[in-house]
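Now for the letters of each chain:
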Amino acid sequence: MTGSGKSVCINSILASLIKNVDMRDFEMLLIDPKGVELGMYAFLPNCVNNKVLVNSEESMAGLRWLVDEMERRYDLIEEAGVRDISGYNEVTKNDPEKEFMPKLVIVIDELADLMMTAPDSVETSICRIAQKGRAAGMHLIIG
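Residues numbered from 1 in each chain as written. Predicted model: local features only at pLDDT ≥ 70, side-chain atom pairs only at ≥ 80, totals over all residues. Heavy atoms only, no water.

A look at unusual backbone geometry
So, point 1. Even without being a glycine, asparagine 50 presents a positive backbone phi close to 50°.
So, point 2. Along the polypeptide, asparagine 50 turns up in the loop between β1 (26-31) and α2 (56-80).
So, point 3. Notably, glutamate 110 is not glycine yet its phi reads approximately 60°, a positive angle.
So, point 4. On the secondary structure map, glutamate 110 appears in the loop between β2 (103-108) and α4 (111-115). (Helix = DSSP H or I, 4+ residues; strand = E, 2+ residues; numbered from the N terminus.)

Overview of the layout of surface pockets
So, point 1. The computed volume of the largest pocket comes to approximately 190 Å³.
So, point 2. Surrounding the largest pocket, 14 residues form its lining, Thr2, Gly3, Lys6, Ser7 and Glu110 being those nearest its centre.
So, point 3. Residue classes in the lining of the largest pocket are distributed as three nonpolar, five polar and six charged. (1 Å grid on protein atoms, 1.4 Å probe; cavity = no way out; pocket = protein on both sides within 12 Å on 5 of 7 lines; lining within 4 Å. Points joined across faces, edges and corners; volume = space filled by probe spheres on them. Nonpolar A, V, L, I, M, F, W, Y, C, P; charged D, E, K, R; others polar.)

Description of the sheet that holds β1
So, point 1. Read from one edge of the open sheet, three strands run β1-β2-β3, paired in parallel fashion. Whereas interior strands pair on both sides, the edge strands pair on one side only; in this sheet they are β1 and β3 (138-142). The average angle at which neighbouring strand axes cross in this sheet is 20°, direction not considered.
So, point 2. Across the sheet, helix α5 (residues 119-132) is in contact with β2 and β3; its angle to β3 comes to roughly 130°. (Pairing = 2+ DSSP bridges. Axes fitted to C-alpha atoms, helices over the stretch in contact; angles between N-to-C directions. Contact = heavy atoms within 4.5 Å.)

Observations regarding the nonpolar core
So, point 1. Counting 18 residues, the largest nonpolar core has Ile31, Leu63, Leu66, Ile106, Ile108 and Met138 as the members making the most contacts within it.
So, point 2. Those elements giving two or more residues to this core turn out to be β1, α2, β2 and α5.
So, point 3. In terms of residue count, the dominant contributor to this core is α2 (five residues).
So, point 4. Contacts of isoleucine 106, omitting those with residues within four sequence positions, involve Leu29, Leu66, Ile129, Met138, His139, Leu140 and Ile141.
So, point 5. Within the second largest apolar cluster, 15 residues are counted, among which are Leu38, Tyr41, Ala42 and Ile141. (Core = buried A, V, L, I, M, F, W, Y, C linked by side-chain atoms within 4.5 Å. Buried < 20%, exposed > 50% of the residue type's maximum accessible area, 1.4 Å probe, protein only.)

Re the packing of aromatic side chains
So, point 1. Applying the stated rule across the entire model yields zero aromatic pairs.
So, point 2. Taking the ring centre of tyrosine 74 as reference, the NZ or CZ of lysine 132 above it sits at 4.8 Å. (Phe/Tyr/Trp six-rings, centres within 6.5 Å; stacked < 30°, edge-to-face > 60°. Lys NZ or Arg CZ within 6 Å of the ring centre and 35° of its normal.)

Some words on the packing of α2 against α5
So, point 1. At a closest axis distance of 10 Å, the pairing of α2 and α5 adopts a crossing angle of 30°. Relative to α5, α2 is oriented roughly parallel. Judged by the twist between their axes, the crossing of α2 over α5 is left-handed. Contacts between α2 and α5 involve Met60, Leu63, Leu66, Val67, Met70, Glu71 and Tyr74 from the first element and Ser121, Val122, Ser125, Ile126, Arg128, Ile129 and Lys132 from the second.
So, point 2. Class assignment for the residues of the contact of α2 with α5 results in nine nonpolar, two polar and three charged. (Parallel < 35°, antiparallel > 145°, perpendicular 65-115°, else oblique. Left-handed = near helix turned anticlockwise from the far one by under 90°.)

Things to note about the side chain of aspartate 32
So, point 1. Along the chain, aspartate 32 turns up in the loop between β1 and α2.
So, point 2. Apart from the residues within four sequence positions on either side, aspartate 32 is in contact with Glu37, Leu38, Val52, Leu53, Val54 and Asp109.

A look at the pairing of β2
So, point 1. The buried fraction of β2 amounts to five of the six residues, a majority that puts the element mostly inside the structure.
So, point 2. Two elements, β1 and β2, share six bridges in a ladder whose sense is parallel. When the sheet's bridge partners are listed, phenylalanine 26 is paired in β2 with lysine 103.
So, point 3. By the bridge criterion, five bridges tie β2 to β3 in an arrangement that is parallel. Residue pairing in the sheet places leucine 104 in a bridge with methionine 138 of β3.

Scope: geometric values only; no functional claims are made or implied.
Structure, rendered in structure tokens:
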């Protein structure tokens, strides 16, 4: 419902993350179909590609990338013989050939606007990330 505080809540969560979590420990992928709420975060070094995805093509490409990234992370976690991203980072921290994997916070403001562009594809991607993302260090915030 318009005016219920979804965007205010999202901004509060992001402000808390930025203030309380080391910026090297997480990255953000921001999707804002209306292009009015999340633009102020694009300048942060941990914002993926230093931009907020605003048009439907970029947003869909971003969601596809997230699913592929989740599968890639699962493969690395399995190869390391651990259960989740924290275990992976702990086991590989002394191996210079292994990459540190930051957690990935995915923020989607105005999901309804995004769903209007390609509902099946958006729903499938979001459901896959919601089902399997936690172990891969991927967390969804949806308004």
